[in-house]
Structure formats: structure tokens, C-alpha cells
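Reading the structure
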Amino acid sequence: MTQIAIVPGSFDPVTNGHLDIIERAAKTFQEVRVAVMNNSSKKPLFTVEERVVLIQEAISKYDNVKIDTSAGLLIDYAQEVNASVIVRGLRAISDFEYEMQITSMNRVLDESIETFFVMTKSQYSFLSSSMVKEVARYAGDVSTLVPSHVHVALMRKFGK
């Protein structure tokens with residue numbers, strides 16, 4: 001039986017930090033599903049479809065990684081694809097409390113699905129999609145924080 005792991009997120013846009021977590025999951029698990037989630041508390045810059053395309057281009061070298069979308073509960077999606085693991089990246093201590101709350105709720109909903117926390121590489125410990133968008137909005141250089149095709153997409157969105 002193939003062990004399926006999910007790397008969930010809004011990925012608006014996908015950053016090099018996200019890609020680091022996805023790559024490490026791809027090296028660890030037989031199959032990885034990148035789940036582009038529609039977070040109702042966020043106002044996205046890119047549509048779900050645009051985010052999927054940006055991620056596809058960035059992960060095309062991994063044969064064991066697939067991209068899906070979901071607008072519902074992560075646990076429902078995990079059950080639907082028979083995933084046994086959720087992989088979450090942690091940047092700093094501040095992430096831990098939030099991630100622990102999500103993991104605790106997920107365990108209430110389905111205790112058979114484990115969550116693995118992966119510490120980001122130190123060069124990505126400050127990196128968030130929100131910060132990338134804010135800097136790009138004002139024409140700041142984010143070219144080292146995202147893949148080149150994502151940088152181009154950001155510049156187009158902000159008319160730069």
C-alpha cells in the first residue's frame with residue numbers, strides 16, 4: 001500500500017520555503033499530494049487555478065508529487081485520497097502554537113492521520129507568501145524568495 005502524504009497550504013504564491021518542504025516530503029514519502037486549499041480567512045492574489053499552474057511548473061521534476069485543490073476541511077480531503085500523513089512546515093516558535101491547534105482539531109476529527117512537522121531551512125525562517133506579496137506590491141526584489149516564473153507572475157499582477 002502506498003503511503004500518501006499531504007502538503008497543504010494556500011500557496012498564494014508558492015515560495016522557495018514551500019518548495020523546500022515539498023521536496024523534503026517527496027524524498028520521504030512514496031506519494032505526496034500538494035493540496036491547494038481555499039482559505040476563507042484570506043483574500044488571495046492568485047486564483048486557485050493560477051496557483052496550481054505556478055506550483056506545477058515548480059515541482060515538475062518530482063514524479064511522486066501531485067497537485068490537488070480543496071475548499072473543504074483538510075481531514076475530509078485526506079480521507080478522500082487515503083492519506084495517512086499531513087506534512088506541515090514550521091518557520092518559528094510562533095508557527096508552533098497555531099499548527100498545534102490545527103493538529104489537535106484534526107486528531108479529534110480523525111486520529112488515524114498523523115501530522116509531521118518539518119522545520120524550514122534557516123534561510124526561509126522569515127519567509128511567508130504574505131510578506132512576498134507585500135514586498136512585490138511595492139516593487140521590492142523578491143526574486144531570490146520565489147521561483148523565477150512566480151516572480152514574473154507577481155510582477156504582472158502588480159503591473160511592474
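For the structure, see preceding data.
The structure displayed is predicted, hence computed values, not measured ones.

**Some details on the layout of surface pockets**
Reported here for the largest pocket is a volume of approximately 1,100 Å³. Along the wall of the largest pocket there are 40 residues; nearest its centre are Gly9, Ser10, Arg88, Tyr98 and Glu99. At the level of elements, strand E1 (4-9), helix H1 (16-28), helix H3 (74-80), strand E4 (85-90), helix H4 (93-109) and helix H5 (129-137) are the ones that each hand at least two residues to the lining of the largest pocket. Counting residues per element, the lining of the largest pocket draws most heavily on H4, at 7 residues. Among the residues forming the lining of the largest pocket, the class breakdown is 17 nonpolar, 15 polar and 8 charged.

**Some points on the nonpolar core**
Membership of the largest hydrophobic core comes to 38 residues, with the highest contact counts inside it found for Val87 and Leu154. Elements with a minimum of two residues in this core: E1, H1, strand E2 (31-37), helix H2 (48-59), strand E3 (65-70), E4, H5 and helix H6 (148-157). Counting residues per element, this core draws most heavily on H2, at 6 residues. Residues contacting Val87, with those up to four places away along its chain left out, are Ala5, Ile6, Val7, Pro8, Ile21, Ala25, Phe29, Phe116 and Val118. Ala35, Ile75, Tyr77 and Ile86 belong to the second-largest nonpolar core, a separate cluster that totals 12 residues.

**A word on the side chain of Asn16**
Checked against the element boundaries, Asn16 lands in helix H1. We classify Asn16 as buried; its relative accessible area is 16%. Among the polar contacts listed, one links the side chain of Asn16 to the backbone oxygen of Thr144, at a separation of 3.0 Å. The contact partners of Asn16, leaving out residues within four places of it in the chain, are Tyr124, Leu127, Thr144, Leu145, Val146 and Pro147.

Cut-offs applied
- Residues numbered from 1 in each chain as written.
- Predicted model: local features only at pLDDT ≥ 70, side-chain atom pairs only at ≥ 80, totals over all residues.
- Heavy atoms only, no water.
- 1 Å grid on protein atoms, 1.4 Å probe; cavity = no way out; pocket = protein on both sides within 12 Å on 5 of 7 lines; lining within 4 Å.
- Points joined across faces, edges and corners; volume = space filled by probe spheres on them.
- Helix = DSSP H or I, 4+ residues; strand = E, 2+ residues; numbered from the N terminus.
- Nonpolar A, V, L, I, M, F, W, Y, C, P; charged D, E, K, R; others polar.
- Core = buried A, V, L, I, M, F, W, Y, C linked by side-chain atoms within 4.5 Å.
- Buried < 20%, exposed > 50% of the residue type's maximum accessible area, 1.4 Å probe, protein only.
- Contact = heavy atoms within 4.5 Å.
- Polar contact = N/O pair within 3.5 Å; in protein donor to acceptor, adjacent residues only side chain to side chain.

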